[in-house]
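Each chain, written out:
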Amino acid sequence: MKTNFGFSSKMHLFIIVSSLVIAIGLAVGIICQFVAGGFFNYGADWADYKEVTITYEYVEYGSKDKVVEICDEAFAAAGVKSFAKNIHGSTNTGGEITYRFTLSTKIEELREAVTAINNAIKAGIEDGTLVLSNGAAYVGNTIKGGSTALTRMSIALAVVIVFHFVYFALRYKLSMAIAAVIADVHNLALFVALLAITRVPLGSTMFAFAAITVVVTVLCTCFAFDRVRKNLKDDSINKLSINEQVDAGANQNFMVNILVPACLAGAAVLMFALLSISSLSPLAVISPVMCALVGFVACAYGNTFFTPAVYCGIRSLEDKMTTAQKAPSKDSQGK
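Just so it is clear, the structure is predicted and the values come from calculations on it, not from any experiment.

Cut-offs and rules
- Residues numbered from 1 in each chain as written.
- Predicted model: local features only at pLDDT ≥ 70, side-chain atom pairs only at ≥ 80, totals over all residues.
- Heavy atoms only, no water.
- Phe/Tyr/Trp six-rings, centres within 6.5 Å; stacked < 30°, edge-to-face > 60°.
- Helix = DSSP H or I, 4+ residues; strand = E, 2+ residues; numbered from the N terminus.
- Buried < 20%, exposed > 50% of the residue type's maximum accessible area, 1.4 Å probe, protein only.
- Salt bridge = Lys/Arg side-chain N within 4 Å of Asp/Glu carboxyl O.
- Axes fitted to C-alpha atoms, helices over the stretch in contact; angles between N-to-C directions.
- Parallel < 35°, antiparallel > 145°, perpendicular 65-115°, else oblique.
- Left-handed = near helix turned anticlockwise from the far one by under 90°.
- Contact = heavy atoms within 4.5 Å.
- Nonpolar A, V, L, I, M, F, W, Y, C, P; charged D, E, K, R; others polar.

Visitor: Got a minute to help me understand the packing of aromatic side chains in this structure?
Guide: The relative placement of two aromatic rings is captured by the distance of their centres and the angle of their planes. Taken as a whole and assessed by the stated rule, the structure comprises twelve aromatic pairs. For the ring pair Phe75 and Tyr99, a centre distance of 4.8 Å and an interplane angle of 65° mean the geometry is edge-to-face. In this pair, Phe75 is assigned in helix H2 (residues 65-78) and Tyr99 in strand E4 (residues 94-102), connecting sequence segments 24 residues apart. By the burial criterion, Phe75 is buried, and Tyr99 matches it. The interplanar angle of 85° and the centroid separation of 5.7 Å between the aromatic rings of Phe168 and Phe225 together place this pair among those described as edge-to-face. Remark: Phe225 occurs in helix H6 (residues 205-232) and Phe168 occurs in helix H4 (residues 147-171); sequence separation between them is 57 residues. According to the relative accessible area criterion, Phe168 is buried, its value standing at 0%.

This is the structure:
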């Protein structure tokens, strides 16, 4: 699909739009840092929670199913519902089950359920073969941001961006390499700003989708600048002005810049939707699905509109500098 959209003539408009969105995201994040508990809306595995831990043992061989049944009945009677359940170290002789609840769940109701669980097991369920080692309810506070993961992701992204620049500088032109790096930084900044503005509930999957956003940008710029290089070999396009050349390449590559991030976002949504079915916890997939959609918006806008317009400006500046260097000086003209 080709369009006749004039990207080059709207460079200043795209720069203003991007700058405004990033500035608004920064402002929203800073305000929320002081009045709403964080720069981002922490959720998923970064959300604070209440948890009930049931540790059980069998005097003789048995099954965990009876323990799960006792717990489910106790929570239902107390009027509470967990959003996650994990079974650790389950064996024929015992194990541990943890139930997580939203922070708004009343701790008194959880303690009431724990008491009911303790009493039910102590009453001699399964002919006295099951005994309870410990049952407890507590409030869990997560460590926001994951400093180790953030550091590693930052290093990885820096390596990708540097490699992107070097590869483009060697394979294409310096102007293309500069435009590619600007695209990487722009799309990543836009991704972060949109997360702050939309208040998407964030967890550790944010790091994965930040990396995916940069990788998609690298792929799209490869397609885009390869198209520009091929067009330069076409005499009918090579005779056009810089603006017309850039517009021609961007219009030819329009659908690629939309479909690549759309396909990856769709794949991510499908994958996490299937995981939610297997885990029976829809809340666990809200964060990654929303991050995938935000990443799609950042890449689609950045690669389709912002990058061609900015490259046009860089290319025009490069050609002016080249022309100025080739122009004979007044002294050489006098001689």
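We are not done yet, so read on.
Visitor: Just checking my understanding: could you explain the pattern of salt bridges for this structure?
Guide: Side-chain pairing between opposite charges can occur once the charged atoms of the two side chains come close. For the structure shown, the criterion picks out four salt bridges. Of the charged contacts in the structure, one is a salt bridge between Lys230 and Asp226, with a shortest N-O distance of 3.5 Å. A residue pair is termed a helical-turn pair when its members lie 3 or 4 positions apart in one helix, as Lys230 and Asp226 do in helix H6 at four residues. Here the salt bridges share partners, and the residues they tie into one network are Arg171, Asp226, Arg229 and Lys230.

Visitor: Before we go on, may I ask you to explain the packing of helix H1 (residues 11-35) against helix H5 (residues 174-198) in this structure?
Guide: Any two packed helices are characterised by the angle at which their axes cross and by the distance between the axes. Contact geometry of H1 with H5 gives a least axis separation of 8 Å together with a crossing angle of 45°. On the basis of their axis angle, the class for H1 and H5 is oblique. By crossing handedness, the relation of H1 to H5 is classed as left-handed. Between H1 and H5, the residues in contact are Ser18, Val21, Ile22, Ile24, Gly25, Val28 and Gly29 and His186, Ala189, Leu190, Ala193, Leu194, Ala196 and Ile197, respectively. A class-by-class count of the residues in the contact of H1 with H5 yields ten nonpolar, four polar and no charged.

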